[in-house]
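So the chains spell out like this:
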Amino acid sequence: MLSAAVAVSVFSIGVGLGVTLASRRALSIARSSVPRASESTPYVAPPWTPASLPKPQRRLRLGHLPTPMHRWQLPNVEAEVWIKRDDFTGSEFSGNKIRKLEFLLAAAVEQGCDSVITVGGIQSNHCRATAAAARRLGLEPHLILRTSRPESDPGLIGNLMLSRMVGAQLHLVDGDTFAAKGGWQLCCDLKHRLEKQGRRPYAFPSGGSNSLGSWGYLQAIAEVEEQVATEGLSFDRIYFGCGSGGTAAGLALGVHYSSLQSELVALGVDDTPDDFYAKLTSIFADMAPTSAPLPDPRTLLRIEDSVGIGYAQSTEAELRFVREVAQSTGVVLDPVYSGKAAMGMVGDLERRPAARVLFIHTGGLLGLYEKDTQLKPLLEGGWTSWNA
Ligand SMILES: Cc1ncc(COP(=O)(O)O)c(C=O)c1O
């Protein structure tokens, strides 16, 4: 299939040379065969995916893929570290969620839905990416957001700025109601309410982490496999941050079935490793038929606790680490996921040295803005008045 850029440049050359009608017709067919973002295409799973595993039918192309992979000279780390930039999947769409949304929103479009519902914390990257991607597809985004102040305007910091910019409808829920009902039940309740108003909503859980969304990271392993082959590399280990488990579920299956021989290490930033193993077990059960169950996740990946003092809560040491990495490598980590995960990786490498490893940067940049008060003393200085 011709890429849009190739098709356009061939077209201009063709016009300049006075091409024949037949070749112009061929060109217009080539151009119309480039899928638009709102058009899903039949999904062809990587060849190593087991035949017994039911595959998603369709996939949208929303992310800027493949994301780059490059050397990352982390200070005081002996291992050769590479980084895969899933923080570069887009701008409004940036981060790991867009890979899951390519499958989830394809299903929403396929089912003729007119709106989407999902759920997360007040600064949810997933909700922001969902809102922007939904608007791209002409769907109305509804976000259920957990907050300590559901009666007040939630403001415009970080992800909220973008979610509100694209006109997402925000449904604010306090922590107690959230804990009592659970995020998924809240989605189902809202779905029911919207259906009664004649809407056709499509709902998916926090982080897009269900049996369909997880395919985004199974597919991502095919991308890593190709990059590894091109660079002539092999990684002893692959590290990444784990929040709701979908990234871990997809990567675990991808690494297991593909040709990659790397140990997979998830750094948990909210729940305990046991909770995550249970979550993966449940996603795997939903993905596979009972006649051909998927392996026990404990045999596929190591999950380490990297939560620190709590989900989305930063210690000064963590923020110092994020600053040091930014100032010595130019890579900006986020405080909630990739910062804690990268710090966890450095600790893990001290305990278990490895020659060459890959870190997947899952995004989250906008989460830094919420930490401005805590970051202020760490970022003081570095400026002078031109007129002084
Ligand atoms: C920036 C970022 N990194 C990592 C994660 C974790 O991914 P997952 O929810 O698939 O475990 C999330 C979301 O939870 C995220 O927003």
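Before any of the text, the structure's been laid out above.
Residues numbered from 1 in each chain as written. Predicted model: local features only at pLDDT ≥ 70, side-chain atom pairs only at ≥ 80, totals over all residues.

*Asks:* Help me out: how do you make sense of helix α8 (residues 215–231) in this one?
*Replies:* An α-helix turns once every 3.6 residues. As a result, residues three or four positions apart point the same way. End to end, α8 covers 25 Å across 17 residues, agreeing with the expected 24 Å (1.5 Å per residue, within 8%). Regarding α8, the residues found buried are W215, G216, Y217, L218, Q219, A220, I221, V224 and V228. Tucked into the core, α8 has its buried residues touching β4 (80–85), α3 (97–110) and α9 (246–257). Positive backbone phi, approximately 65°, marks G232, located one or two places after α8. (Helix = DSSP H or I, 4+ residues; strand = E, 2+ residues; numbered from the N terminus. Expected span 1.5 Å × (residues − 1). Buried ≥ 20, exposed ≤ 12 C-beta atoms within 10 Å, placed from the backbone. Contact = placed C-beta atoms within 7 Å.)

*Asks:* So what exactly am I meant to see when it comes to the sheet that holds strand β7 (residues 169–173) here?
*Replies:* Hydrogen bonds between backbone groups are what pair the strands of a sheet, and the pairing can be parallel or antiparallel. Pairing is parallel across the open sheet formed by four strands, whose spatial order is β7-β6-β5-β8. Looking along the sheet, the strands with just one partner apiece sit at the ends: β7 and β8 (201–203). Each strand axis lies, on average, 25° off the axis of its neighbour in the sheet, ignoring direction. Pairing analysis gives five bridges linking strand β6 (residues 140–146) to β7, with the strands arranged parallel. Across the sheet, residue H142 finds its bridge partner in β7, namely Q169. Running over the sheet, helix α4 (residues 125–136) touches β5 (115–121) and β6 and is turned about 170° from β6. (Pairing = 2+ DSSP bridges. Axes fitted to C-alpha atoms, helices over the stretch in contact; angles between N-to-C directions.)

*Asks:* Can you walk me through the site of the ligand in this structure?
*Replies:* Contacts to the ligand come from 19 residues, most closely from G207, G243, Y337, T362 and G364. When contributions to the shell around the ligand are tallied by element, the ones reaching two or more residues are α4, β9 (237–242) and α9. Partitioned by chemical class, the residues of the shell around the ligand number three nonpolar, 15 polar and one charged. Counting the residues that make up the shell around the ligand, at least three belong to each of domain 2 (62–95 + 211–377) and domain 3 (97–208). (Near = placed C-beta within 6 Å. Nonpolar A, V, L, I, M, F, W, Y, C, P; charged D, E, K, R; others polar. Domains from an automatic or database assignment.)

*Asks:* Would you explain unusual backbone geometry in this entry?
*Replies:* In terms of backbone geometry, most residues other than glycine have negative phi values and most peptide bonds are trans. Residue P66 follows L65 across a cis peptide bond; omega there is 0°. In this fold, P66 is placed in the loop between β2 (58–59) and β3 (69–71). For N76, which is not glycine, the phi dihedral falls at a positive 60°. Tracing the backbone shows N76 in the loop between β3 and β4. Take N76: there are 8 C-beta atoms within 10 Å of it, and that puts it in the exposed class. Even without being a glycine, A312 presents a positive backbone phi close to 65°.

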